Amino acid sequence: KADVLIQNVSSLFLAFKVKSTCPSLFLVRPHTAMVAPRQEVLVRITTTATNHGHNNKNNNIASQQFQINCLTMQNNLVEPNRLSSLFSNSSPTSTTVLSCSVDPSVAHSTHSTHSITSDTPSVVTNIQNRTRVLSD
């Protein structure tokens, strides 16, 4: 599992949506949400794969990526069940891509540790399985 901390450092509301290259391999909660100004939301990413019958589970996880799309909003008057449709009709204000990695020291154990790193280190900092996404 990995936790992604999304912090809104702006004075406007921020909507985000997390997309995965392999949605059947991961459970992302929440995958879409609104973040109030100067607030944060913790997103938990867990794998749905088990060691039983998945010989290449760790290789599969290590090749996956997550895309976090953010939209700046003027207010929070959007109903939660309509947030996803906002991303279909609008271009994101910002996009961050995170890549998975598997800790080789625990890759063969039942409880593997997975971390997420970013292609934009100045925006996302990985600290002990916690990733902080900042938006201006």
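Everything that follows concerns the structure shown earlier in this document.
Just so it is clear, the model here is predicted, and its values are computed rather than measured. (Residues numbered from 1 in each chain as written. Predicted model: local features only at pLDDT ≥ 70, side-chain atom pairs only at ≥ 80, totals over all residues. Heavy atoms only, no water.)

A. A look at the overall build of the protein chain. The helix and strand tally for the protein chain stands at 2 helices and 10 strands. Each helix and strand of the protein chain, placed in order from N terminus to C terminus, yields the pattern β-β-β-β-β-α-β-α-β-β-β-β. Across the 136 residues that make up the protein chain, the buried fraction comes to 38%. Within the protein chain, residue pairs in contact and separated by at least 24 positions form 63% of the contacts whose partners lie at least 6 positions apart. Put simply, the protein chain shows about 7,800 Å² of open surface, and 49% of that area lies on carbon and sulfur atoms. (Helix = DSSP H or I, 4+ residues; strand = E, 2+ residues; numbered from the N terminus. Buried < 20%, exposed > 50% of the residue type's maximum accessible area, 1.4 Å probe, protein only. Contact = heavy atoms within 4.5 Å. Areas by Shrake-Rupley, 256 points an atom, 1.4 Å probe, with all protein chains shown as cover.)

B. Structural view of the environment of Ser10. Along the chain, the position of Ser10 falls in the loop between β1 (2–8) and β2 (13–20). Within polar-contact distance, the side chain of Ser10 engages the side chain of Asn8 at 2.7 Å. (Polar contact = N/O pair within 3.5 Å; in protein donor to acceptor, adjacent residues only side chain to side chain.)

C. Highlighting the packing of aromatic side chains. Taken as a whole and assessed by the stated rule, the structure comprises 1 aromatic pair. Judged by centre distance (4.9 Å) and plane angle (70 degrees), the ring pair of Phe26 and Phe66 falls under edge-to-face. Linking Phe26 in strand β3 (residues 26–29) with Phe66 in strand β6 (residues 65–73), this pair joins segments that are 40 residues apart in sequence. Looking at Phe66, the relative accessible area reads 1%, which means it is buried. (Phe/Tyr/Trp six-rings, centres within 6.5 Å; stacked < 30°, edge-to-face > 60°.)

D. Here's a closer look at the pairing of β3. Burial of β3 is one-sided: the residues Phe26 and Val28 facing one way are buried, the residues Leu27 and Arg29 facing the other way are not. Bridge count between β3 and strand β5 (residues 40–47): 4 bridges; the pairing is antiparallel. Its bridge partner being in β5, Phe26 is matched across the sheet by Thr47. (Pairing = 2+ DSSP bridges.)

E. Looking closely at the pattern of salt bridges. According to the stated counting rule, one finds 1 salt bridge in the structure shown. Asp3 is paired through a salt bridge with Arg44; the nearest N and O atoms lie 2.7 Å apart. Separated by 41 residues along the polypeptide, Asp3 in strand β1 and Arg44 in strand β5 bring together distant segments of the chain. Exposure remark for Asp3: the relative accessible area of 10% places this residue in the buried category. (Salt bridge = Lys/Arg side-chain N within 4 Å of Asp/Glu carboxyl O.)

F. Representation of the nonpolar core within the structure. Core analysis: the largest hydrophobic core is formed by 22 residues, its most contacted members being Phe16, Val43, Phe66 and Ile68. Listed by contribution, the elements that provide at least two residues to this core are β1, β2, β3, β4 (32–35), β5, β6 and β7 (94–102). Contact partners of Phe16, with chain neighbours within four places excluded, come to Ile6, Pro30, His31, Thr32, Ala33, Val35, Val41, Val43, Ile68, Asn69, Cys70 and Phe87. Within the second largest apolar cluster, 6 residues are counted, among which are Ala15, Leu71, Leu83 and Phe87. (Core = buried A, V, L, I, M, F, W, Y, C linked by side-chain atoms within 4.5 Å.)

G. Quick peek at unusual backbone geometry. Omega for the bond connecting Arg29 with Pro30 falls within 30 degrees of zero, at -15 degrees, which places this linkage in the cis form. Along the polypeptide, Pro30 turns up in the loop between β3 and β4. One non-glycine residue with positive phi stands out, namely Arg38, at about 60 degrees. Its place among the elements puts Arg38 in the loop between β4 and β5. Using a relative accessible area of 57% as the deciding quantity, one classes Arg38 as exposed.

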